[in-house]
Number of protein chains: 2
Amino acid sequence: MSGSDGELAAIETIRRGLPEPPAGETWIGDDAAVVAPPAGKRLLLAADAVVEGVHFDLDLVDAADVGWKALAVNVSDIAAMGGRPLHALVMVVGAGADMIEGLVRGLAEAAAAYECAVVGGDLSSGPALVVSVAITGTAGDREAVLRSNARPGDALFVTGPLGSSAAGLRILRSRKNREATGPAGLAPMAGRSPDALVSAYRRPIARVSEGRAAVASGATAMIDVSDGLGIDLDRLATASGVGVLLDAVPIAEGATREEALAGGEDYELVFAAPNPGEVAEAFGARGLRRPICIGACVSDPAMRLLGDELLEAAGYEHRLGWARLRASP
Amino acid sequence: MSGSDGELAAIETIRRGLPEPPAGETWIGDDAAVVAPPAGKRLLLAADAVVEGVHFDLDLVDAADVGWKALAVNVSDIAAMGGRPLHALVMVVGAGADMIEGLVRGLAEAAAAYECAVVGGDLSSGPALVVSVAITGTAGDREAVLRSNARPGDALFVTGPLGSSAAGLRILRSRKNREATGPAGLAPMAGRSPDALVSAYRRPIARVSEGRAAVASGATAMIDVSDGLGIDLDRLATASGVGVLLDAVPIAEGATREEALAGGEDYELVFAAPNPGEVAEAFGARGLRRPICIGACVSDPAMRLLGDELLEAAGYEHRLGWARLRASP
């Protein structure tokens, strides 16, 4: 595209699809957005890009799913600090004119769901669809929860069963193959509704309220399960200098054990906290599902055990953020 | 790449190439960076991506130039609000292992030059090099200068002559062609050193001090010349509801008139201010080159004149940011 009617139409679609700023703020429409700084102690900043052919396949998801996911995975990074999101900036590269409306719809839905304003961004042509999002957030008057302060003896919790997203991707791929090969390959599905698993993959949920509850319950370290429990828990343990000894891992209905351990993209939160009673109380008081205790931190920093087996630091490794990897030496 | 030694080596290169945070802050190494919020009235947020084959050609510039430019164009967006940059988040897609070190070097050089900390980011594979940067900034205790408050009668200034960047690109392309065709095509260059023009293209300078001086001198509206004077001034005029009547445009030595008017990527600032004496004084007091008065804002909102000719809203239009375009109806 070259400054064409199509490009102008795209911008008009974006403008119409997103809300207007409150008085005193300037969002989309100037060189930079002008917003109120957070009142809290600290500003949280995170960024994550999703790339066609790497993080999503447009044969399996639509543009609105990509828009949702691009924002939700960033919100999850803020949730994993015990914060809440404030503002997002969205850079879209290589979106065809037919994709813009869907992308903006997905972004706007996630922005509304997480009360996170899309305040600016950039639109460029390019050889593949890349949606890069940067996000601000605040932990209010509390300190943000790093991944590096877990202590031996802390219990380890996860905010929900794992593997739904990977199972959803498996179902989508299998449906696509069936379309290609015809109905002869159909087989009945057992367990949880396939649509719920597909939805977990297409529209992941960032656990903002759960992150806040974890802070309130004395969490010492926290991370979101983006790349797989094995790899993400290894990052938390390595950053904290503790070992981990897991009793069991909760597997989502319809998912396999491997999907739960290494599938990634579940965006449940894993956190360490010294007092299980306070955890149950803080989540209960907020009407949230009680987190599942999966094990404990131990003093041997090299230990990575699930029952008697080695907990492998395996996961969705072609999506490796700077932040995530920095924690592993 | 797939979670390989190469990927880990890339992260280690990034870690080594960037400075460590001050006490009490967490930068690269967690789900989100934790930084001090700006003390000023407002938080400024901007984002811009540079894309291989769209904004740069790796036959003409190197990875360090791309790193510098990706950060500098974002700093320029903050400068155009009269602010100074604080933090940057960098998302790199599709960088080969051989590019990471250069990219990080260019980023680190720009980060040091503009006192803007790279606090986090993300690294992914992908089909082409895309460097997406998001930036925060502050205007301190002053209000940010929007592009929408110019008034009829305000004088229009530009912080330097234009066209250097486009001339530099022309020289780089011509050198590349000569390499292909042999020395027979050589012709002597007149005017400014070609290397200075090439440098203006490869390592553009964001005018942070000039933006601060413009604020101090009573600027009513400001924009950076990223896409071309014609198109960027049209955006300022349209957002402000004023017309523009230019006397002349300062052309950089060695550049053509068309390069000055429509070349873009000069990142000089254009601003409107009611009092030329205050402008001269504010810039002089800071030891900055005095801005060049190029004309005035007029009450007819449709007027776009350069002398007797129509000032065309032409420029580098395949790089159209949301923010930039939103100002044009």
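Residues numbered from 1 in each chain as written. Chains lettered and ligands numbered in written order. Predicted model: local features only at pLDDT ≥ 70, side-chain atom pairs only at ≥ 80, totals over all residues.

A.B. asks: What should I look at first to understand the overall build of chain A in this one?
C.D. replies: Looking only at helices and strands, one finds 10 helices and 12 strands in chain A. Looking at the 329 residues of chain A, the share that counts as buried comes to 59%. Counting only contacts in chain A whose residues sit at least 6 apart along the sequence, the fraction spanning at least 24 positions is 88%. (Helix = DSSP H or I, 4+ residues; strand = E, 2+ residues; numbered from the N terminus. Buried ≥ 20, exposed ≤ 12 C-beta atoms within 10 Å, placed from the backbone. Contact = placed C-beta atoms within 7 Å.)

A.B. asks: What is the right way to look at the packing of helix H4 (residues 164-181) of chain B against helix H5 (residues 194-202) of chain B in this model?
C.D. replies: When two helices pack together, their arrangement is given by the angle between the helix axes and the distance between those axes. Residue and element names in this part refer to chain B. It is the contact of H4 with H5, at a shortest axis distance of 7 Å, that shows an interaxial angle of 110 degrees. Taken together, H4 and H5 sit at an angle that is classed as roughly perpendicular. Where H4 approaches H5, its residues Ser164, Ser165, Ala167, Gly168, Leu169, Ile171 and Leu172 are matched on the opposing element by Pro194, Leu197, Val198, Ser199, Ala200, Tyr201 and Arg202. For the contact of H4 with H5, the residue count by class is nine nonpolar, four polar and one charged. (Axes fitted to C-alpha atoms, helices over the stretch in contact; angles between N-to-C directions. Parallel < 35°, antiparallel > 145°, perpendicular 65-115°, else oblique. Nonpolar A, V, L, I, M, F, W, Y, C, P; charged D, E, K, R; others polar.)

A.B. asks: Looking at this structure, I do not really get helix H4 (residues 164-181) of chain A. What am I missing?
C.D. replies: Structural remark: α-helix, 3.6 residues per turn; residues separated by three or four positions point the same way. Residue and element names in this part refer to chain A. Between the first and last C-alpha of H4 there are 25 Å, a value that for 18 residues agrees with the 26 Å anticipated at 1.5 Å per step. Of the residues making up H4, those classed as buried are Ser164, Ser165, Ala166, Ala167, Gly168, Leu169 and Arg170. Packing partners of the buried residues in H4 comprise helix H5 (194-202) and helix H8 (257-262). (Expected span 1.5 Å × (residues − 1).)

A.B. asks: Explanation requested: the domain arrangement of chain A in the structure shown.
C.D. replies: Residues and elements named next belong to chain A. If you check the domain split of chain A, you get domain 1 (5-138) and domain 2 (155-166 + 200-326). Its C-alpha centre places domain 1 at a distance of 26 Å from the equivalent point of domain 2. Taken together, the 17 residues of domain 1 in the interface contact 21 residues of domain 2. Looking at the side of domain 1 that touches domain 2 element by element, the count peaks at nine residues for helix H2 (residues 63-79). Each residue belonging to the side of domain 1 that touches domain 2 can be placed in one class, and the counts come to nine nonpolar, three polar and five charged. (Domains from an automatic or database assignment.)

A.B. asks: How do you make sense of the environment of Gly307 of chain B when you look at a structure like this?
C.D. replies: Residues and elements named next belong to chain B. Among the structural elements, Gly307 can be located in the loop between strand S11 (304-306) and strand S12 (309-310). Looking at Gly307, the number of C-beta atoms within 10 Å reads 11, which means it is exposed. Sequence separation between Gly307 and Asp247 is 60 residues, and the spatial gap between their C-alpha atoms is 5.3 Å.

A.B. asks: What exactly am I supposed to notice about H5 of chain B here?
C.D. replies: What H5 of chain B keeps buried is the set Leu197, Val198, Ala200, Tyr201 and Arg202 of chain B. Buried residues along H5 of chain B sit against helix H2 (63-79) and H4 of chain B.

A.B. asks: Before we go on, may I ask you to explain the environment of Arg42 of chain B in this structure?
C.D. replies: The residue Arg42 of chain B is located in the loop between strand S1 (33-35) and strand S2 (43-51) in this model. Under the C-beta neighbour-count criterion, Arg42 of chain B is labelled buried, with 25 such atoms within 10 Å. With 98 residues separating them along the chain, Arg42 of chain B and Gly140 of chain B place their C-alpha atoms 7.5 Å apart. What Arg42 of chain B contacts, discounting residues up to four positions off in sequence, is Val34, Val35, Ala36 and Pro37 of chain A together with Ala139 and Ala144 of chain B.

A.B. asks: Even after reading the chapter, I still don't get the packing of H2 of chain B against helix H3 (residues 97-113) of chain B, so can you show me in this structure?
C.D. replies: Residues and elements named next belong to chain B. In contact at an axis separation of 6 Å, H2 and H3 are set at 40 degrees when each is read in the N-to-C sense. Compared by their axis directions, H2 and H3 come out oblique. When you trace H2 past H3, the crossing you get is right-handed. Here H2 contributes Ala63, Ala64, Asp65, Val66, Gly67, Trp68, Leu71 and Ala72 to the contact with H3, which in turn contributes Met99, Gly102, Leu103, Val104, Arg105, Gly106, Leu107, Glu109, Ala110 and Ala111. Residues that form the contact of H2 with H3 fall into these classes: 12 nonpolar, three polar and three charged. (Left-handed = near helix turned anticlockwise from the far one by under 90°.)

A.B. asks: It is not clear to me how the sheet that holds strand S10 (residues 292-298) of chain B should be interpreted in this structure. Could you clarify?
C.D. replies: Backbone-to-backbone hydrogen bonds pair the strands of a sheet. The strands run either parallel or antiparallel. Residue and element names in this part refer to chain B. In spatial order, the strands read S7-S9-S6-S10-S8-S11-S12; together these seven strands make up an open sheet with mixed pairing. Both outer strands of the open sheet, strand S7 (221-224) and S12, are each paired with one neighbouring strand and no more. Along the sheet, helix H6 (residues 208-216) contacts S7 and strand S9 (269-273); its crossing angle with S9, the most-contacted strand, is approximately 5 degrees. (Pairing = 2+ DSSP bridges.)

A.B. asks: Could you clarify how one ought to interpret the environment of Gly277 of chain A in this entry?
C.D. replies: Tracing the sequence through the fold places Gly277 of chain A in helix H9 (residues 276-285). Gly277 of chain A sits 60 residues away from Ser217 of chain A along the chain, and the two C-alpha atoms are 8.7 Å apart.

A.B. asks: Looking at this structure, I do not really get the sheet that holds strand S2 (residues 43-51) of chain A. What am I missing?
C.D. replies: Spatially, the five strands line up as an open sheet ordered S4(A)-S3(A)-S5(A)-S2(A)-S1(B), and their pairing is mixed. Since the sheet does not close on itself, it has two edges, and those belong to strand S4 (117-124) of chain A together with S1 of chain B, each with one partner. Put simply, the sheet's adjacent strands are angled 20 degrees from each other on average, direction ignored. As defined by bridge partners, S2 of chain A adjoins strand S5 (residues 130-138) of chain A across nine bridges and the pair is classed as antiparallel. By the bridge assignment for S5 of chain A, Ala46 of chain A is matched with Ile135 of chain A. Across the sheet, H2 of chain A is in contact with S2, strand S3 (84-93) and S5 of chain A; its angle to S5 of chain A comes to roughly 35 degrees.

A.B. asks: So what exactly am I meant to see when it comes to the pairing of strand S5 (residues 130-138) of chain B here?
C.D. replies: Sheet faces and side chains relate simply in a regular strand, where the side chains alternate between the two faces. Residues and elements named next belong to chain B. The element S5 is largely enclosed, with a buried count of nine among its nine residues. As paired strands, strand S3 (residues 84-93) and S5 are joined by nine bridges and run antiparallel to one another. Residue pairing for S5: Val92 is matched across the bridge by Val131.

A.B. asks: Looking at this structure, how should I read unusual backbone geometry?
C.D. replies: Negative phi values dominate among residues other than glycine, just as trans dominates among peptide bonds. The backbone of Tyr267 of chain A sits at a positive phi, close to 60 degrees, despite the residue not being glycine. Inspection of the secondary structure assignment puts Tyr267 of chain A in the loop between H8 and strand S9 (269-273). At Glu265 of chain B, a position not held by glycine, the phi torsion is positive, near 60 degrees. Among the secondary structure elements, Glu265 of chain B is positioned in the loop between helix H8 (257-262) and S9.

A.B. asks: Whenever I open this one, the pairing of S2 of chain B confuses me. Can you help?
C.D. replies: Where burial is concerned, most of S2 of chain B is hidden: nine out of the nine residues are buried. The side-chain alternation of S2 of chain B yields two buried faces, one formed by Leu43, Leu45, Ala47, Ala49 and Val51 of chain B and the other by Leu44, Ala46, Asp48 and Val50 of chain B. Pairing of strand S1 (residues 33-35) of chain A with S2 of chain B involves three bridges; the strand directions are antiparallel. Bridge pairing in S2 of chain B links Val35 of chain A to Leu43 of chain B.

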